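Residue strings, one per chain:
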Number of protein chains: 2
Amino acid sequence: MKVLNKHTDYAVRALIALGMKPGSRISAKTLSEEQGIPYQFLRRILQELIRNGLVSSKEGAGGGVALARDPDEIRVRDVIEIFQGSVQVSECMFRKQLCSNRANCVLRHEIMRIERMVNDEFAKVTVGKLIADLKRVEEARAGVQVQE
Amino acid sequence: MKVLNKHTDYAVRALIALGMKPGSRISAKTLSEEQGIPYQFLRRILQELIRNGLVSSKEGAGGGVALARDPDEIRVRDVIEIFQGSVQVSECMFRKQLCSNRANCVLRHEIMRIERMVNDEFAKVTVGKLIADLKRVEEARAGVQVQE
DNA sequence: ACTAACTGATACTAAATTGGTATCAGAAAT
DNA sequence: ATTTCTGATACCAATTTAGTATCAGTTAGT
């Protein structure tokens, strides 16, 4: 059971990388090399992020991409929604008419509760928070060289 | 983003159905008809549940399947694990050597936290609980015919 | 004006996964 | 012996996932 697919995974990584260099534009090529993400794949991911307003872009030589918002305003949940759609149970009943199957309904009720939890949690994780965590980790490892 | 696949979904439904008729064996055919689950598909699902000790079976005419345990001891999480593997992040890093990518690590840390939550929640939902919920719902609807 | 470095859009593909079917062998009840 | 069942396993089509390729248009620098 995989929670995140490669699209989401790469997207978040790219967003973190962009967030670490605020103000500057980075080309998809550079980003792909730095992050080890296949170039063409990353291009498509970035385009999707651009379409959804998380990233801004500038065409032409010297162009590239940058975060379009404050990193604290970019939630991992937003990214998941873009690439994996909103969290939902296997073939949501409510699209069809009423729950044909009663047992199903009960199960779904539980699942939706859990889904809400997951959504709320992923909404709490912002790119800004991840960057902060990252910096904290790197400081710690730059400071005292702990056991390794 | 789909949480449960058909295997898990049908499996839980089947387990609930079995749990509702304690003691009696039911054939895969009957179960498939009652629950509207494709016969051959259900057969394979049941075999998997049997292999994993959630269901017991008896071969031959008059045979069939039944729960192998107390419904309260069958967790939806167990079922998910059987059919979808344990919840995990897109390609767990830790199988490879150390996190090659720092940003990744930070993201993964968050995701694993959320995963643990999900796992714990799905562990709390047992077939027994679902059956109890189901009965409660059906009583309510048998009693006062509420607005509809 | 040319060219190199970019993004926009979109078509294509291989491999894996998902959901489902079919078949054959063997066990038990009648 | 025949019917009703499970055990095991092979097969299949559709979808999804991950990744590639191509061409058109934009901008900066010369």
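Let me begin by describing the structure that accompanies this report. Because the structure is predicted, anything quoted here is derived from the model rather than measured. (Residues numbered from 1 in each chain as written. Chains lettered and ligands numbered in written order. Predicted model: local features only at pLDDT ≥ 70, side-chain atom pairs only at ≥ 80, totals over all residues. Heavy atoms only, no water.)

Re the overall build of chain A
Part 1: On a plain count of helices and strands, chain A comes out with 6 helices and 2 strands.
Part 2: For chain A, the sequential pattern of α-helices and β-strands runs α-α-α-β-β-α-α-α.
Part 3: For chain A, the residues scored as buried account for 45% of the 148 residues in total.
Part 4: Considering only residue pairs separated by 6 or more positions, chain A has 63% of its internal contacts joining residues 24 or more positions apart.
Part 5: Only carbon and sulfur atoms are counted for the fraction: they give 51% of the accessible area of chain A, which is about 7,900 Å². (Helix = DSSP H or I, 4+ residues; strand = E, 2+ residues; numbered from the N terminus. Buried < 20%, exposed > 50% of the residue type's maximum accessible area, 1.4 Å probe, protein only. Contact = heavy atoms within 4.5 Å. Areas by Shrake-Rupley, 256 points an atom, 1.4 Å probe, with all protein chains shown as cover.)

So, the environment of A66 of chain A
Residue and element names in this part refer to chain A.
Part 1: Here A66 is to be found in strand β2 (residues 64-67).
Part 2: Of the residues examined, A66 reaches a relative accessible area of 11% and is grouped as buried.
Part 3: Each C-alpha atom of the pair A66 and Q40 lies 18 Å from the other, and the pair is 26 residues apart in sequence.
Part 4: Residues contacting A66, with those up to four places away along its chain left out, are L18, S24, R25, V55 and S56.

Here's the deal with the pattern of salt bridges
Part 1: Under the defined criterion, the tally for this structure stands at 25 salt bridges over all chains.
Part 2: Two residues, E121 of chain A and R113 of chain B, come together in a salt bridge whose shortest N-O distance is 2.2 Å. With E121 of chain A in helix α5 (residues 102-124) and R113 of chain B in helix α5 (residues 102-124), this residue pair bridges two chains.
Part 3: Judged by its relative accessible area of 11%, E121 of chain A falls in the buried class.
Part 4: We classify R113 of chain B as partly exposed; its relative accessible area is 29%.
Part 5: R136 of chain B is paired through a salt bridge with D133 of chain B; the nearest N and O atoms lie 3.6 Å apart. Separated by 3 residues within a single helix, R136 of chain B and D133 of chain B lie in helix α6 (residues 127-142), roughly one turn from each other.
Part 6: Relative accessible area serves as the criterion here: at 11%, D133 of chain B is assigned to the buried category.
Part 7: Among the ionic contacts, a cluster of salt bridges with common partners joins E110 and R113 of chain A together with E121, K124, K129, D133 and R136 of chain B. (Salt bridge = Lys/Arg side-chain N within 4 Å of Asp/Glu carboxyl O.)

Concerning empty space enclosed by the protein
Residues and elements named next belong to chain B.
Part 1: Per the counting criterion, the structure on display carries 1 cavity of 30 Å³ or more.
Part 2: Here the largest cavity is characterised by a volume of approximately 30 Å³.
Part 3: For the lining of the largest cavity, the secondary-structure elements that each account for two or more residues are α4 (76-84) and α5.
Part 4: Split by residue class, the lining of the largest cavity holds 3 nonpolar, 2 polar and 2 charged. (1 Å grid on protein atoms, 1.4 Å probe; cavity = no way out; pocket = protein on both sides within 12 Å on 5 of 7 lines; lining within 4 Å. Points joined across faces, edges and corners; volume = space filled by probe spheres on them. Nonpolar A, V, L, I, M, F, W, Y, C, P; charged D, E, K, R; others polar.)

Some points on the packing of helix α1 (residues 6-20) of chain A against helix α6 (residues 127-142) of chain A
All names here are of chain A.
Part 1: One can describe the packing of α1 onto α6 by two numbers: an axis separation of 9 Å at closest approach and a directional angle of 70°. Classified by the angle between their axes, α1 and α6 sit roughly perpendicular to one another. Counting all contacts with α1, which are made through V12, L15, I16, G19 and M20, the residues of α6 involved are V127, L130, I131 and L134.
Part 2: Among the residues forming the contact of α1 with α6, the class breakdown is 8 nonpolar, 1 polar and no charged. (Axes fitted to C-alpha atoms, helices over the stretch in contact; angles between N-to-C directions. Parallel < 35°, antiparallel > 145°, perpendicular 65-115°, else oblique.)

Describing the packing of aromatic side chains
Each pair of aromatic rings is reported with the distance of its centres and the angle of its planes.
All names here are of chain A.
Part 1: This structure, assessed with the given rule, holds 2 aromatic pairs over all chains.
Part 2: Summarising the aromatic geometry, the rings of Y10 and F41 are spaced 5.7 Å apart at their centres and angled 85° between planes, so their arrangement reads as edge-to-face. One end of the pair, Y10, is in helix α1; the other, F41, is in helix α3 (residues 39-51), with 31 residues separating them in the sequence. (Phe/Tyr/Trp six-rings, centres within 6.5 Å; stacked < 30°, edge-to-face > 60°.)

What about the relation of the copies chain A and chain B?
Part 1: Placing chain A over chain B gives an RMSD of 0.0 Å and needs a rotation angle of 180°, together with 0.0 Å of translation along the axis. Taken together, the rotation and translation relating the two chain copies correspond to the operation of a two-fold axis. No C-alpha of chain A approaches the rotation axis more nearly than that of V118 of chain A, which lies at 3.7 Å.
Part 2: Taken together, the interface assignments show that 100% of the residues at the interface of chain A recur at the interface of chain B, consistent with an identical surface on both copies. (Least-squares fit on C-alpha atoms with pLDDT ≥ 70 in both.)

Comments concerning the packing of helix α1 (residues 6-20) of chain B against helix α3 (residues 39-51) of chain B
Residues and elements named next belong to chain B.
Part 1: Contact geometry for α1 and α3: axes closest at 10 Å, N-to-C directions at 75°. Looking at the two axes, α1 sits roughly perpendicular to α3. Across the interface between the two elements, K6, H7, Y10, A11, A14 and L15 of α1 pack against F41, L42, R44, I45 and L49 of α3.
Part 2: Taken together, the residues of the contact of α1 with α3 break down into 8 nonpolar, 1 polar and 2 charged.

Details of the pairing of strand β2 (residues 64-67) of chain B
All names here are of chain B.
Part 1: Of the pairings in the sheet, the one linking strand β1 (residues 55-58) to β2 comprises 4 bridges and is antiparallel in character. Looking at β2, one finds that K58 is bridged to G64.
Part 2: The antiparallel hairpin formed by β1 and β2 contains 5 residues in its connecting segment, where G60 sits at a positive phi of about 80°. (Pairing = 2+ DSSP bridges.)

A few points about the interface of chain A and chain B
Interfaces are often sized by the amount of accessible area the parts lose when they come together.
Part 1: On the chain B side, the residues contacting the 45 residues of chain A number 45 residues.
Part 2: In total, chain A and chain B occlude about 4,100 Å² of area from one another, counting both sides; carbon and sulfur atoms represent 66% of this.
Part 3: Among the salt bridges present, the one from D9 of chain B reaches R108 of chain A, with a minimum N-O distance of 3.2 Å.
Part 4: At the boundary of chain A with chain B, the tally comes to 8 residue pairs in polar contact (both at pLDDT 80 or more).
Part 5: Sorting the residues of the side of chain A that touches chain B by element identifies α1, α4 (76-84), α5 and α6 of chain A as the ones contributing at least two each.
Part 6: Of all the elements, α5 of chain A adds the most residues to the side of chain A that touches chain B, at 15 residues.
Part 7: In terms of residue class, the side of chain A that touches chain B is built from 21 nonpolar, 9 polar and 15 charged. (Buried area = accessible area lost by both parts, 1.4 Å probe. Polar contact = N/O pair within 3.5 Å; in protein donor to acceptor, adjacent residues only side chain to side chain.)

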